[in-house]
Amino acid sequence: MIHEFTKENITTIGEILNAEPKPLGDDVFRFEVVNSEAGNRLALEIHLGLEVDDERMNMVSVYSGSTFLQLHNCTAFIASDILKQVTFFGKNGINTTGLIVEESAGCSMYANVNEAVLKGDFTKLPEDLMMCGVAMSLTDTADLDNFSFDDDELS
């Protein structure tokens, strides 16, 4: 299910990732995701309503070891209790970029994925694209026609 970024949904992200959201001001939330068994850890930050050239956008950042990832213009997210992961994504025309954060402190990013990969039969994709097709297929079901991050929708 597609979600807007509200305080309630920030809490849901924390529950899925087994990490407490820590507010850093009014519009930034930080999660520290730890997998003690594997020795993995990452920090996830969600920035709501950043202004760039008088346009509002959301940004998701992941810090992990020697890796730093950012997803600008994040339009929505899908939290999966079954998969124990949150998929943050942004769509730009026929391309989608997804940043997947797992409860086990894993992280994957798929950038500029053409909708043909998301809508097609993943079993017919080349092996190198198959994983992407499966991982990002959830984002293809999202209805973004009436989706926005206006001030009155953030709570």
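Quick caveat, the model's predicted, so the values are computed rather than measured.

S.K.: Before we move on, could you go through the packing of aromatic side chains and cite the residues and values that matter?
M.R.: Throughout the structure, instances matching the rule amount to 2 aromatic pairs. Ring geometry for Tyr63 against Phe68: centres 4.9 Å apart, planes inclined by 40 degrees, an arrangement best described as tilted. The exposure class assigned to Phe68 is partly exposed, which follows from its relative accessible area of 45%. Taking the centre distance of 6.0 Å and the plane angle of 40 degrees together, the rings of Phe77 and Phe88 count as tilted. One end of the pair, Phe77, is in strand S6 (residues 76–80); the other, Phe88, is in strand S7 (residues 85–92), and 11 residues separate them in sequence. Each of the two residues, Phe77 as well as Phe88, counts as buried.

S.K.: Let's hear about the sheet that holds strand S5 (residues 67–72): which residues, and what values?
M.R.: Spatially, 5 strands are ordered S1-S2-S3-S4-S5 in an open sheet, and the strand pairing comes out antiparallel. At either margin of the open sheet sits one strand with a lone partner, and together these are strand S1 (22–23) and S5.

S.K.: Please provide a residue-by-residue account of a negative patch on the surface, values included.
M.R.: On the surface, Glu51, Asp53, Asp54 and Glu55 cluster together to form a negatively charged patch. Relative to the helices and strands, Asp53 is located in the loop between strand S3 (40–52) and strand S4 (55–64). By relative accessible area, Asp53 is classed as exposed at 72%.

S.K.: Account for the pattern of salt bridges, naming residues and giving values.
M.R.: When their charged atoms lie close together, side chains carrying opposite charge are able to pair. The full count for this structure, using the stated rule, is 5 salt bridges. Among the ionic pairs, Glu32 bridges to Lys22, the shortest N-O distance being 3.6 Å. Pair noted here: Glu32 is in strand S2 (residues 28–35) and Lys22 is in strand S1, with a separation of 10 residues, a long-range link. Here Glu115 makes a salt bridge to Lys119, at a shortest N to O gap of 3.9 Å. Remark: Lys119 and Glu115 occur in helix H2 (residues 115–119); sequence separation between them is 4 residues, near one turn of the helix.

S.K.: For the environment of Val60, give the residues involved together with the corresponding values.
M.R.: Mapping Val60 onto the fold places it in strand S4. The class for Val60 is buried, based on a relative accessible area of 0%. With 15 residues separating them along the chain, Val60 and Glu45 place their C-alpha atoms 5.7 Å apart. What Val60 contacts, discounting residues up to four positions off in sequence, is Leu44, Glu45, Leu69, Gln70, Leu71, Cys74, Phe88 and Leu99.

Conventions and cut-offs
Per chain, residues are indexed from 1 in the order of the written sequence. In keeping with the predicted nature of the model, local features appear solely for residues at pLDDT of at least 70, side-chain atom pairs appear and are counted solely at 80 or more, and the whole-chain, interface and lining totals rest on all residues. Hydrogens and waters are ignored; side-chain quantities use all the structure's heavy atoms. Pairing of aromatic rings covers Phe, Tyr and Trp, the last counted by its six-membered ring, and requires centre-to-centre distances within 6.5 Å; plane angles under 30 degrees mean stacked, over 60 mean edge-to-face, and any other angle means tilted. Burial here depends on accessible area, computed with a 1.4 Å probe over protein chains only, as a share of the maximum for the residue type. Under 20% is buried, over 50% is exposed, and the range in between is partly exposed. Put simply, DSSP marks the helices as runs of H or I at least four residues long and the strands as runs of E at least two long, and each gets a number from the N terminus on. The pairing criterion for strands is at least two bridges between them, as found by DSSP. Only residues above 30% relative accessible area that lack a salt bridge enter a patch, with like-charged residues linked at up to 9 Å and the nonpolar side chains Val, Leu, Ile, Met, Phe, Trp and Tyr linked at up to 5 Å. In short, Shrake-Rupley with a 1.4 Å probe defines the accessible areas, and a residue's cover is counted only from the protein chains shown. By definition, a salt bridge exists where a carboxyl oxygen of Asp or Glu is found within 4 Å of a side-chain nitrogen of Lys or Arg. A residue counts as positive if it is Lys or Arg and as negative if it is Asp or Glu; His and the chain ends are not included. Every charge is mapped onto a representative atom, which is NZ of Lys, CZ of Arg, CG of Asp or CD of Glu. Contacts: residue pairs with any heavy atoms within 4.5 Å of one another.

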